[in-house]
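Read off the chains here:
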Amino acid sequence: METIVSVTGGKVRGRTEDGISSFLGIPYAAAPVGPARFDVPRPVREWQGVRDAVEYGPTCVQSPYPAPIHALIGSDGIPGDEYLNVNVWTPDSGGAGLPVLVWIHGGAFVRGSNARAIYDGSAFARDGVVVVSINYRLGISGFAAVPGAPLNRGLRDQIFALQWVQENVAAFGGDPGNVTVFGESAGGMSVVNLIASPRARGLFRRAIAQSANGSAVAEEDDARKVMENLATVLGIGPTTAEFGALEPEQIRTAQDSIALELMTGPDPARWGASIIRNGLGILSFFPVIDGDLITARPTDVIAAQPDRTVPLIAGWTAEEFRFFTFPTGIAAGITADTLPYVLSRYGLDAAVAERYAANRPGASAADVFAAIITDLVFRDDVTRIAECTATAGNPAYVYEFAWRSGIPDLGAAHVMEVPFVFDQLPHAHTLTGPNPPQHLADEIHRAWVRFATHGDPGWSRFDPATRTVRIFDAPESYEVADPRADELRALHRAQAHG
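Residues numbered from 1 in each chain as written. Predicted model: local features only at pLDDT ≥ 70, side-chain atom pairs only at ≥ 80, totals over all residues. Heavy atoms only, no water.

Q: I'm lost on the overall build of the chain in this one. Help?
A: Scanning the chain from N- to C-terminus turns up 19 helices and 13 strands. Relative to its length of 498 residues, the chain is compact, with a C-alpha radius of gyration of 22 Å against a globular reference of 23 Å. For the chain, with 498 residues in total, the buried portion stands at 60%. Of the contacts made within the chain by residues no fewer than 6 positions apart, 77% connect residues no fewer than 24 positions apart. Approximately 18000 Å² of the chain is accessible, and the part contributed by carbon and sulfur atoms is 51%. (Helix = DSSP H or I, 4+ residues; strand = E, 2+ residues; numbered from the N terminus. Rg over C-alpha atoms; globule rule 2.2 N^0.38 Å. Buried < 20%, exposed > 50% of the residue type's maximum accessible area, 1.4 Å probe, protein only. Contact = heavy atoms within 4.5 Å. Areas by Shrake-Rupley, 256 points an atom, 1.4 Å probe, with all protein chains shown as cover.)

See below:
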């Protein structure tokens, strides 16, 4: 059955099946093509008649993931100009007052889209929540520091999309006063940026930051260095006009080239110290401290300005960095002899490995490395943000997703919780392996629904004194106070002496 709704720009025709209406690929801003690729988002152009919204829309230009990662989670890439689009799932487009979840996808700010099967919002709609998933500009299009162009275009897109939600979600039965923004990886980092940004105030009521970080921002001068290297790779002048004349394939090729050069030759003199330190060898184009959207490192902003905090769920997977270490083959190069050097690249005193190894008898050097960097990149920052939120008087709930994949060596890696959150396990077997526990998906999905609905996911609040964390696992989940506190203390010492 088809359903028609009026939104900014005109009318859209969605599809209704089993009581759930879906509207896919709705443009929320004008197509950013040519020089406009590097401009602020502009209002969508109106269309005549009724526009079909039954297929996913285009995605920002990007390359497929490298083969090992592609095998786990697939890749994105739907060609077209109108890639600033949203998908909406609702249980009742004629209703009112439903809670709203707005999803921001991950992908290291250079990949990803809202068109993945594991991001299908129908299970949330089934349980009474309107879901909006957004696309935003990525890589060069979204985050390159092009002279004459505004910085952080990808974040500006996210804010523009949240404004679209405020103006349009009531047409799908949603309550614009009860919006929860949630995201994972680069999407979770985006959520933290939005919490800290003065430009996003009032656009959402609550937030969920999955596998996030509040430190992954670049200094503007360093972002300009990356842009200069980029212009050299492209053989163009560093101007908006010349960047705007690029074809998608040129952008894609240059994006990949810069990422590879940065990863294999992380020279702070060439790229900038903040690119190397805060990008951690993974990020090449990512948010920049611009004095407008991002005024300082988001973790520091949230600590210094507690009024920015909102009710929060924040967490990590227990073995995040195995995703980047084992499928990619990096693990083979990490031995007892090379581990101190690898840790030094992250600014860490090698002595930290002793504590992590002692807690993991029989673990390989690569196992220890992945555990340390999991805490450095994700767990430590997430915990700090939760502490700031709780200290400010807002409820904070912290979790660790500990269920281990059936895929060899993957463990409780990055991305693992996402299909459980969306209750989309049938689409995730390449990541989870066969027979992932449905009851765990029921549990974590229900917690997200409860939080979006009334702000309480159903486990104990995080308190700086007790530091209670919900451990999502099978056969049973449980709560624990201050898990592996000795490792975080060792990590902090290693950062001080690294």
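Q: Hey, could you run me through the packing of aromatic side chains in this one?
A: How two aromatic rings sit relative to each other is given by the distance of their centres and the angle of their planes. A full pass over the atoms with the stated rule returns 25 aromatic pairs. Ring centres of Trp448 and Phe472 lie 6.4 Å apart, and the angle between their planes is 65°; on these two criteria the pair is classed as edge-to-face. With Trp448 in helix H18 (residues 438–454) and Phe472 in strand E12 (residues 468–472), this pair connects stretches of sequence that are 24 residues apart. Across the pair, Phe472 and Trp448 agree in class, each one buried. Through successive ring pairs, a cluster of aromatic residues spans Tyr397, Tyr399, Trp448, Phe451, Trp459 and Phe472. Above the ring of Trp47, the side-chain terminus of Arg51 is found at 5.4 Å from the ring centroid. Taking NZ or CZ as reference, Arg111 lies 5.1 Å from the ring centre of Tyr65, over its face. (Phe/Tyr/Trp six-rings, centres within 6.5 Å; stacked < 30°, edge-to-face > 60°. Lys NZ or Arg CZ within 6 Å of the ring centre and 35° of its normal.)

Q: Help me understand the nonpolar core, please; the structure alone is not making it clear to me.
A: Across soluble globular proteins, nonpolar side chains have a tendency to be buried as a group. Judged by nonpolar contacts, the single largest core of 175 residues is most densely connected at Ile26, Phe124, Phe204, Phe243, Ile372 and Trp448. Counting residues per element, this core draws most heavily on helix H15 (residues 365–391), at 16 residues. (Core = buried A, V, L, I, M, F, W, Y, C linked by side-chain atoms within 4.5 Å.)

Q: I tried to follow the UniProt feature "domain: Carboxylesterase type B" (unreviewed entry) in the chain on my own but got confused; where do I start?
A: Here the UniProt feature "domain: Carboxylesterase type B" (unreviewed entry) sits at residues 3–458. Annotated as 37% helix and 15% strand, the span residues 3–458 places its first and last C-alpha atoms 35 Å apart. (UniProt positions renumbered as here; feature names shortened; annotations may be inferred.)

Q: So what exactly am I meant to see when it comes to the side chain of Asn168 here?
A: Within the secondary structure layout, Asn168 lies in helix H4 (residues 153–168). On the accessibility criterion, Asn168 (4% relative accessible area) is buried. Non-local contacts of Asn168, meaning those with residues more than four positions away in its chain, are made with Val7 and Thr8.

Q: Would you mind showing me how to read the packing of helix H6 (residues 220–234) against helix H8 (residues 248–264) here?
A: Any two packed helices are characterised by the angle at which their axes cross and by the distance between the axes. Between H6 and H8, whose axes approach to 10 Å, the crossing angle comes to 125°. When the axes of H6 and H8 are compared, the pair comes out oblique. Read as a crossing pair, H6 and H8 show a hand that is right-handed. Seen from H6, the contacting residues are Val226, Asn229, Leu230, Val233 and Leu234; seen from H8, they are Gln250, Ala254, Ser257, Ile258 and Glu261. Considering only residue class, the contact of H6 with H8 consists of six nonpolar, three polar and one charged. (Axes fitted to C-alpha atoms, helices over the stretch in contact; angles between N-to-C directions. Parallel < 35°, antiparallel > 145°, perpendicular 65-115°, else oblique. Left-handed = near helix turned anticlockwise from the far one by under 90°. Nonpolar A, V, L, I, M, F, W, Y, C, P; charged D, E, K, R; others polar.)

Q: Looking at this structure, how should I read the pattern of salt bridges?
A: Side chains that differ in charge, positive against negative, can pair when their charged atoms come close. One pass over the full model with this rule turns up 28 salt bridges. Between Glu319 and Arg404 there is a salt bridge, and its shortest N-O distance comes to 2.9 Å. Here Arg404 lies in the loop between strand E11 (396–401) and helix H16 (418–421) and Glu319 lies in the loop between strand E10 (312–317) and helix H12 (322–325), a separation of 85 residues in the sequence. Classification of Arg404 as partly exposed rests on a relative accessible area of 45%. A single network of salt bridges, built from pairs that share partners, joins Arg156, Arg199, Asp290 and Asp292. (Salt bridge = Lys/Arg side-chain N within 4 Å of Asp/Glu carboxyl O.)

Q: Would you mind going over H6 with me for this structure?
A: The terminal C-alpha atoms of H6 lie 21 Å apart, and with 15 residues this matches the ideal 21 Å at 1.5 Å per residue to within 8%. Listed in full, the buried residues belonging to H6 are Asp222, Ala223, Val226, Met227, Asn229, Leu230, Ala231 and Leu234. Following H6 by one or two positions, Gly235 adopts a phi angle in the positive range, close to 70°. (Expected span 1.5 Å × (residues − 1).)

Q: I'm lost on the pairing of strand E3 (residues 20–27) in this one. Help?
A: Along any regular strand, the residues point their side chains to alternate faces of the sheet. Of all eight residues that make up E3, eight are buried, and the element is covered over most of its length. Judged from the three bridges that link them, strand E2 (residues 10–17) and E3 form a sheet pairing that is antiparallel. The residue of E3 that forms the bridge with Glu17 is Ile20. Count of turn residues in the E2/E3 antiparallel hairpin: two residues, of which Asp18 carries a positive phi of about 55°. Relative to strand E5 (residues 85–90), E3 is paired through five bridges, and the arrangement is antiparallel. Counted as the bridge partner of Pro27 is Asn85 from E5. (Pairing = 2+ DSSP bridges.)

Q: What should I look at first to understand H18 in this one?
A: Since the α-helix turns once every 3.6 residues, residues separated by three or four places project in the same direction. Taking 1.5 Å of rise per residue, 17 residues should cover 24 Å, and H18 covers 24 Å from first to last C-alpha, within 8% of that figure. Within two residues after H18, Gly455 carries a phi angle of roughly 90°, on the positive side.

Q: Looking at this model, I keep getting lost on unusual backbone geometry. Mind explaining?
A: Across residues other than glycine, the phi torsion is negative in most instances, and most of the peptide bonds are trans. Note the cis peptide between Ala474 and Pro475, where omega equals 15°. Counting through the fold element by element, Pro475 comes out in the loop between E12 and strand E13 (478–481). The phi dihedral of Phe109 is positive, around 70°, even though this residue is not glycine. Looking at where Phe109 falls in the secondary structure, it is placed in the loop between strand E6 (98–104) and helix H2 (122–126). Its relative accessible area of 0% is what places Phe109 among the buried residues. With a phi close to 60°, Ser185 is a non-glycine residue in the positive phi region. Mapping Ser185 onto the fold places it in the loop between strand E8 (174–184) and helix H5 (186–196).

Q: When you look at the packing of H4 against H5 in this model, what are you seeing that I'm missing?
A: Where H4 contacts H5, the two axes come as close as 11 Å, and the packing angle between them is 75°. Considering their axes alone, H4 and H5 lie roughly perpendicular with respect to each other. Contacts between H4 and H5 pair Leu155, Gln158, Ile159 and Leu162 from the former with Ser190, Asn193 and Leu194 from the latter. When grouped by side-chain class, the residues that make up the contact of H4 with H5 number four nonpolar, three polar and no charged.

Q: Can you walk me through the pairing of E13 in this structure?
A: Bridge count for E12 against E13 is four bridges, and the pairing is antiparallel. Bridged to Ile471 within E13 is Tyr478.

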